[in-house]
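# Notes for the structure review
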Number of protein chains: 2
Amino acid sequence: MDEMPALDAMDRAILRLLQRDAGLSLAEIAAEVGLTPTPCWKRIRRMEQAGVILGRVALVDPAKVGLPLSVFVEIESADHSAAWIERFNAALDTMPEVVECWRMGGDVDYLLRVVVPDIASYDAFYRRLVAAVPSLRNVTGRFAMERVKGTTALPI
Amino acid sequence: MDEMPALDAMDRAILRLLQRDAGLSLAEIAAEVGLTPTPCWKRIRRMEQAGVILGRVALVDPAKVGLPLSVFVEIESADHSAAWIERFNAALDTMPEVVECWRMGGDVDYLLRVVVPDIASYDAFYRRLVAAVPSLRNVTGRFAMERVKGTTALPI
DNA sequence: AATGAAATAAGATGCAC
DNA sequence: GTGCATCTTATTTCATT
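Residues numbered from 1 in each chain as written. Chains lettered and ligands numbered in written order. Predicted model: local features only at pLDDT ≥ 70, side-chain atom pairs only at ≥ 80, totals over all residues. Heavy atoms only, no water.

## Points about the overall build of chain A
Helix and strand content of chain A: five helices and five strands. The order of helices and strands in chain A, counted from the N terminus, is α-α-α-β-β-α-β-β-α-β. Taken over the C-alpha trace, chain A has a radius of gyration of 20 Å; the compact-globule value for 156 residues is 15 Å, which it surpasses by more than 25%. Counting only C-alpha atoms, chain A reaches 55 × 35 × 25 Å along its principal axes. (Helix = DSSP H or I, 4+ residues; strand = E, 2+ residues; numbered from the N terminus. Rg over C-alpha atoms; globule rule 2.2 N^0.38 Å.)

## Focus on the protein's contact with DNA strand D
Taken together, the residues surrounding DNA strand D are A:Leu24, A:Ser25, A:Leu26, A:Ala27, A:Thr38, A:Trp41, B:Thr36, B:Thr38, B:Pro39 and B:Arg43. Counting only atoms of DNA strand D within 4 Å of the protein, the fraction found in sugar and phosphate groups is 69%. Contact distances for DNA strand D include 3.0 Å between a base oxygen and a side-chain N or O atom of B:Thr38. At 3.1 Å from a phosphate oxygen of DNA strand D is found a side-chain nitrogen or oxygen belonging to B:Arg43. For the surface near DNA strand D, the elements supplying multiple residues, two or more each, are helix H2 (26-33) and helix H3 (37-49) of chain A together with helix H3 (37-49) of chain B. (Near = heavy atom within 4 Å. Polar contact = N/O pair within 3.5 Å; in protein donor to acceptor, adjacent residues only side chain to side chain.)

## Points about empty space enclosed by the protein
Sizing a probe to match a water molecule and rolling it over the atoms shows the empty space that remains. Evaluated as defined, the whole model comprises one cavity of 30 Å³ or more. Roughly 30 Å³ of volume is contained in the largest cavity. Along the walls of the largest cavity sit A:Phe72, A:Glu74, A:Leu111, A:Arg142, B:Glu74, B:Met104, B:Leu111 and B:Arg142, which together make up its complete lining. Residues of the lining of the largest cavity, tallied by class, amount to four nonpolar, no polar and four charged. (1 Å grid on protein atoms, 1.4 Å probe; cavity = no way out; pocket = protein on both sides within 12 Å on 5 of 7 lines; lining within 4 Å. Points joined across faces, edges and corners; volume = space filled by probe spheres on them. Nonpolar A, V, L, I, M, F, W, Y, C, P; charged D, E, K, R; others polar.)

## Focus: the sheet that holds strand E5 (residues 136-150) of chain B
Backbone hydrogen bonds are what pair the strands of a sheet, in a parallel or an antiparallel way. One closed barrel accounts for eight strands, arranged E2(A)-E4(A)-E3(A)-E5(B)-E2(B)-E4(B)-E3(B)-E5(A); its pairing is antiparallel. Going from strand to strand, the sheet's axes swing by 35° on average, the running direction of each strand aside. Relative to E5(B), strand E3 (residues 98-104) of chain A runs antiparallel, the two sharing five bridges. Within the sheet, the bridge partner assigned to A:Met104 lies in E5(B) and is B:Ala144. (Pairing = 2+ DSSP bridges. Axes fitted to C-alpha atoms, helices over the stretch in contact; angles between N-to-C directions.)

## Here's the deal with the packing of aromatic side chains
This model, assessed by the stated rule, comprises twelve aromatic pairs over all chains. Centre to centre, the rings of A:Phe88 and A:Tyr110 are 4.5 Å apart; their planes meet at 50°, and the pair counts as tilted. Placement of A:Phe88 in helix H4 (residues 82-93) and of A:Tyr110 in strand E4 (residues 110-116) is noted, with a sequence separation of 22 residues between them. Residue A:Phe88 shares its accessibility class with A:Tyr110, and that shared class is buried. Between B:Tyr122 and B:Phe143, the aromatic rings sit 5.5 Å apart at their centres with planes inclined by 80°, giving edge-to-face as the arrangement. Of this pair, B:Tyr122 sits in helix H5 (residues 119-132) while B:Phe143 sits in strand E5, and the two are 21 residues apart along the sequence. Note on B:Tyr122: relative accessible area 8%, which makes it buried. With a relative accessible area of 24%, B:Phe143 lands in the partly exposed category. An aromatic cluster is present here, built from A:Trp84, A:Phe88 and A:Tyr110 joined pairwise through their rings. (Phe/Tyr/Trp six-rings, centres within 6.5 Å; stacked < 30°, edge-to-face > 60°. Buried < 20%, exposed > 50% of the residue type's maximum accessible area, 1.4 Å probe, protein only.)

## Regarding the pairing of strand E2 (residues 69-77) of chain A
Put simply, side chains in a regular strand alternate between the two faces of the sheet. All names here are of chain A. The buried count for E2 comes to eight of nine residues, which makes it a mostly enclosed element. Strand direction decides the pairing type here: E2 and E4, joined by seven bridges, are antiparallel. Bridge pairing links Leu-69 to Val-116 in E4. Pairing analysis gives seven bridges linking E2 to strand E5 (residues 136-150), with the strands arranged antiparallel. When the sheet's bridge partners are listed, Glu-76 is paired in E5 with Asn-138.

Right, dumping it as structure tokens:
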């Protein structure tokens, strides 16, 4: 996570490729951006150490592993103390079906995305959540019907 | 994308590892799950061909590339014809700042997540969206303050 | 200071058992 | 599923611009 000079156009080109396919060989990346493997490799390593590149992960098809349902959960809390936040975060850590949690501006405090096999599993999750976290004023689950677009690639 | 027998415990263990770090060597994965590299490699290749593993990508820190703001956009349409849907999808394709789009049940038709540098950029996006897509009854942007949790790893 | 060429080390793939 | 041979690719060193 060292300090790092601003990314140039070449760095950005490399990031765009790596965001689409982290399995590309150095030779392929280098050829694509117009460089030889060595400087290309150094740029990638520099961006990894600077934390620009957070990691390389495999993406799995949710339906193919029995998790076809995504539910967005809006949460309003009656308590905004540090203690409550800590308890809420601790609960999230123990719930792997929560794949995203955003603290929001506006009327809703948090927006979660929960990935589950079916509606019954969502209900079970909901009960666990309400049991684990106190002072929940409102919890609203909204069901996704279809993922129309979904990418991990940022518009760089 | 061939047909594939159900995933066994070993397949799932491999997926869990690969979802956390796709850069692990075959030897490391094999040792972790208690196998030798070759069968481990065959399982991975089988899951890739079956589409269980969708790909390997690099994850980039949004703030470090000048994209610190995520906005969730709720969309209600007055038109639900096939023609409208096609036009909407086409518009999404041309908008890389839309990283996610879900078709929802309930009152809201679509929920997007848009990644932008700042509020002004979101406003510019909003104008382009409204100009490109007809029959939008309601478009509400909700700003995320903080990503409390975010993972691409499904609870396998 | 950044790049490129060549040598080395590590790992992935395929085969025989 | 295991162990080994081979072949590709990442990584390092060093010369060059």
